[in-house]
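Next come the chains, spelled out residue by residue.
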Amino acid sequence: MKKVMMVNEACDNCGDCVKACSEVHEVSGISIWEHEGRYLPVVCQHCTSSPCMEVCPVSAIESKDGVIYLDKESCIGCGLCAMACPFGAIYISGKTAHKCDLCYGRDEQACVKACSKRCLEVVNVDELVMDKKLKNIENLTVLGPKGKSKNKKGLLSLVTASSRCNP
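Scoring rules and cut-offs
Residues numbered from 1 in each chain as written. Predicted model: local features only at pLDDT ≥ 70, side-chain atom pairs only at ≥ 80, totals over all residues. Heavy atoms only, no water. Core = buried A, V, L, I, M, F, W, Y, C linked by side-chain atoms within 4.5 Å. Buried < 20%, exposed > 50% of the residue type's maximum accessible area, 1.4 Å probe, protein only. Helix = DSSP H or I, 4+ residues; strand = E, 2+ residues; numbered from the N terminus. Contact = heavy atoms within 4.5 Å. Salt bridge = Lys/Arg side-chain N within 4 Å of Asp/Glu carboxyl O. pLDDT = per-residue confidence, 0-100. Phe/Tyr/Trp six-rings, centres within 6.5 Å; stacked < 30°, edge-to-face > 60°. Lys NZ or Arg CZ within 6 Å of the ring centre and 35° of its normal. Arc of directions from axis to C-beta.

An unreviewed UniProt entry annotates the protein as Carbon-monoxide dehydrogenase iron sulfur subunit of Methanococcus maripaludis.

What follows is the structure, given as structure tokens:
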């Protein structure tokens with residue numbers, strides 16, 4: 001089951017997520033960046049291709065149950081993973097790399113629990129994709145229950161209407 005951290009625009013840079021992560025992991029795996037007047041919590045997205053894992057010369061980064069996990073005991077702090085990360089979510093501190101591991105092995109994520117604005121959420125990618133598919137199917141629906149028109153402007157309705165109009 002692949003999970004990712006979703007972030008919304010409510011972040012006010014209070015730092016509660018960073019503090020909570022630091023308390024659990026000693027060094028925070030989340031940072032907050034300011035961009036065009038907005039604050040964005042930056043966390044590992046646990047990429048399927050995982051460029052950080054590919055470049056690690058000592059195999060300190062591995063995939064565990066869909067979570068890209070960093071073994072700090074094996075890490076030599078070379079920084080290749082930080083350079084390879086497309087999100088800038090890995091950094092070197094104290095001769096060791098640090099990144100979010102979604103609180104692997106814990107019941108809940110410290111940052112999500114600490115966020116008073118509820119701008120962090122861990123989601124199951126498969127469920128997210130299925131929800132999107134179901135919403136798209138609703139947009140394609142032409143007839144509702146008992147054959148009555150439910151969505152006259154659905155994509156399927158538009159496609160079939162235009163094909164009838166163009167001889």
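**Student:** Which residues make up the nonpolar core, and what values do they have?
**Tutor:** Counting 29 residues, the largest nonpolar core has M5, I30, I61, C111 and L120 as its most contacted members. Elements with a minimum of two residues in this core: helix 1 (16-25), strand 5 (67-70) and helix 4 (110-114). In terms of residue count, the dominant contributor to this core is strand 5 (3 residues). With sequence-adjacent residues up to four places away left out, C111 is seen in contact with M5, C17, A20, I30 and L120.

**Student:** Hey, could you go over the pattern of salt bridges for me, with residue numbers and the actual values?
**Tutor:** A full pass over the atoms with the stated rule returns 2 salt bridges. Residues E108 and K113 are paired through a salt bridge, measuring 3.4 Å at the closest nitrogen-oxygen approach. Of the residues examined, K113 reaches a relative accessible area of 57% and is grouped as exposed.

**Student:** Could you give an account of the confidence of the model for the protein, with specific residues and numbers?
**Tutor:** Looking at the protein as a whole, its pLDDT mean stands at 84, while 82% of the residues score no less than 70. No element of the protein has a lower mean pLDDT than helix 6 (residues 155-165), which averages 55, and none a higher one than helix 3 (residues 80-84), which averages 97.

**Student:** Tell me about the packing of aromatic side chains, and name the residues and values.
**Tutor:** Under the criterion given, the structure shown has 1 aromatic pair. A centroid spacing of 5.6 Å and a plane angle of 50° characterise the contact between Y69 and Y104, whose relative ring orientation is tilted. Note that Y69 is positioned in strand 5 and Y104 in the loop between strand 7 (96-98) and helix 4, a separation of 35 residues in sequence. A relative accessible area of 29% means that Y104 is categorised as partly exposed. Stacked on the ring of Y69, the Lys or Arg K64 has its end atom at 4.1 Å from the ring centre.

**Student:** So what's going on with helix 1? Residues and values would help.
**Tutor:** Buried residues of helix 1: C17, A20, C21 and H25, and no others. Buried residues of helix 1, viewed axially, fall in a sector of 110°; they line one side. Facing away from the buried side of helix 1, by more than 90 degrees, are the exposed residues K19 and E23. Close packing links the buried residues of helix 1 with strand 2 (31-35), helix 4 and strand 8 (120-124).

**Student:** Please give an account of unusual backbone geometry that cites residues and values.
**Tutor:** Backbone geometry places E26, a non-glycine residue, at a positive phi of 75°. Within the fold, E26 resides in the loop between helix 1 and strand 2. Notably, K95 is not glycine yet its phi reads approximately 65°, a positive angle. Relative to the assigned elements, K95 resides in the loop between strand 6 (91-93) and strand 7. Among the residues examined, K95 registers a relative accessible area of 71% and is labelled exposed.

**Student:** Any chance you could break down the environment of D12 for me, citing the residues and the numbers?
**Tutor:** By the element assignment, D12 lies in the loop between strand 1 (3-7) and helix 1. Taking the C-alpha atoms as reference points, D12 and R38, 26 residues apart in sequence, are found 7.9 Å from one another. When sequence neighbours within four positions are dropped, the list of residues in contact with D12 reads Y39 and K117.

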